[in-house]
Amino acid sequence: MARRGKKKGRPISGWLVLDKPVGMGSTEAVSKIKWLFQAEKAGHAGTLDPLASGMLPIALGEATKTVPYVQDGAKIYRFTVAWGQERSTDDLEGPVTKESDQRPSEAEVLALLPKYTGVIMQTPPQFSAIKIAGERAYDLAREGETVDIPPREIEIGRLDLVEHDADHTVFEVECGKGTYVRSLARDLGRDLGCFGHISELRRVEVEPFTPEDFVTIAELEAARFGEKGDEGSETVDEVEKPVDFGSIDALLVDTSAALDCLPQIAISDDAATKIRLGNPVIIRGRDAPVEAEEACATARGKLVAIGAIEQGMFKPKRVFAG
């Protein structure tokens, strides 16, 4: 019987709120962060295209269990639409498919914004990760196929015009899960009769994180290597000497930050031990909720579990290492 290999990396947990640069893919960014922290496990909470910059929350270790809560959070993007051309990818990457000499006035753009605010139906781009008959839409699009992607319901909290000139308009949008900003640019251009595509895109916020949480690759490398800089080693096995990770670990946001949207229940150390063994516990305290589909239990400020509260009992569903 084969022996299971020993996990490589450190059992470090927390959120790294990366300010992803243009040109770096989300998967590449996760690999880079996992290597810098020499973490056992890492994942991100929502893909950001290589041509986009900005907030890419990356979960390490136990924080990967909280990824769905960040994926469901509201997001804020600032983006520039270049008028006059529609492209196959709805951004700068694809070839031009439609052109127009017409350009919208600022008043025309402003008059259209209410149509794109609130709960609306949106058709994702041809180049998207939507699955069609088991295949990714972008794979089919790269093969030259035009696929019929059904529209779906999304929610846009606000869509503001920030700047406008003859050929470009800068917007800021606050939106919910599943919104494609590239589709917004495409649809705005079609409605205005001039066509349009994204020429610049930056994700400013992903709830519950804010720009104050941003960390750049340069800051991470400085914290990890100090004055020596990136020595180019990309595997845990190649690091021969013990490394002090204190500086880089200090850049992490606590795992529990992703669960601010849930009711918070403070429990005793004894209760935490029982919960980590999978046992329910009675919730005490005058302000403790009697019922909750999901709640977050903490002991001494540390995350213990996510669970349900039923008839005054906390029943763990997902437990976190102490």
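Residues numbered from 1 in each chain as written. Predicted model: local features only at pLDDT ≥ 70, side-chain atom pairs only at ≥ 80, totals over all residues. Heavy atoms only, no water.

Inspection of the secondary structure puts E291 in the loop between β14 (281-282) and β15 (292-299). When near neighbours in sequence (up to four residues on either side) are disregarded, E291 contacts I309, E310 and Q311. Of note is the side chain of E291, whose polar atom sits 2.8 Å from the backbone nitrogen of Q311. (Helix = DSSP H or I, 4+ residues; strand = E, 2+ residues; numbered from the N terminus. Contact = heavy atoms within 4.5 Å. Polar contact = N/O pair within 3.5 Å; in protein donor to acceptor, adjacent residues only side chain to side chain.)

When charged atoms on two side chains of opposite charge get close, those side chains can pair. Counted under the stated rule, the structure contains 17 salt bridges. With a shortest N-O distance of 3.1 Å, R78 and E172 are connected by a salt bridge. Of the two residues, R78 sits in strand β4 (residues 75-83) while E172 sits in strand β11 (residues 168-175), which places them 94 residues apart along the sequence. Across the pair R158 and E172 runs a salt bridge, and its minimum N-O distance is 2.9 Å. (Salt bridge = Lys/Arg side-chain N within 4 Å of Asp/Glu carboxyl O.)

Note that T66 resides in the loop between β3 (53-60) and α2 (67-71). We classify T66 as buried; its relative accessible area is 0%. A polar atom in the side chain of T66 sits 3.1 Å from the side chain of W15. The residues touching T66, leaving out its near neighbours within four places in the chain, are W15, T255, A258, L259 and F320. (Buried < 20%, exposed > 50% of the residue type's maximum accessible area, 1.4 Å probe, protein only.)

Once that is clear, we can look at the packing of aromatic side chains. Using the criterion set out here, one finds three aromatic pairs in the structure. When the centroid spacing of 5.5 Å and the interplanar angle of 50 degrees are considered together, the rings of W15 and F209 count as tilted. Of the two residues, W15 is situated in strand β1 (residues 14-20) and F209 in the loop between β12 (196-206) and α6 (217-225); the sequence distance between them amounts to 194 residues. Each member of the pair W15 and F209 is classed as buried. Ring centres 5.2 Å apart and planes at 25 degrees place the aromatic pair F79 and F171 in the stacked group. Within this pair, whereas F79 is found in strand β4, its partner F171 is found in strand β11, the two being separated by 92 residues in sequence. R10 extends its terminal NZ or CZ atom over the ring of F245, reaching a point 3.8 Å from the ring centre. Its end group placed over the ring of F320, K65 keeps NZ or CZ at 5.4 Å from the ring centre. (Phe/Tyr/Trp six-rings, centres within 6.5 Å; stacked < 30°, edge-to-face > 60°. Lys NZ or Arg CZ within 6 Å of the ring centre and 35° of its normal.)

What follows concerns helix α1 (residues 26-37). In this model, α1 (12 residues) spans 17 Å end to end at C-alpha, consistent with the 16 Å of a helix rising 1.5 Å per residue. What α1 keeps buried is the set S26, A29, V30, K32, I33, W35, L36 and F37. The elements touched by buried residues of α1 are β1, β2 (42-44), β3, α6 and α7 (246-249). Once α1 finishes, Q38 follows within two positions and takes phi at roughly 50 degrees, a positive value. (Expected span 1.5 Å × (residues − 1).)

Bringing unusual backbone geometry into the picture now. A cis amide bond, omega 15 degrees, links E207 with the succeeding residue P208. Within the fold, P208 resides in the loop between β12 and α6. The backbone phi angle of D90 is positive, close to 65 degrees, even though this residue is not glycine. Mapped onto the elements, D90 comes out in the loop between β5 (85-87) and β6 (96-99). Judged by relative accessible area, D90 falls into the buried class, the value being 4%.

Mapped onto the elements of the fold, R142 is located in helix α4 (residues 137-142). With 16 residues separating them in the primary sequence, R142 and Q126 have C-alpha atoms 9.4 Å apart.

Membership of the largest hydrophobic core comes to 47 residues, with the highest contact counts inside it found for I33, F37, F79, F171, V173 and L220. A per-element tally of this core places α1 first, with six residues. Not counting residues within four places of it along the chain, the set of residues in contact with F79 comprises L159, T169, V170, F171, V173, V181, L184, I198, E200 and L201. Counting 15 residues, the second largest nonpolar core, distinct from the first, contains I283, A295, A297 and A305. (Core = buried A, V, L, I, M, F, W, Y, C linked by side-chain atoms within 4.5 Å.)

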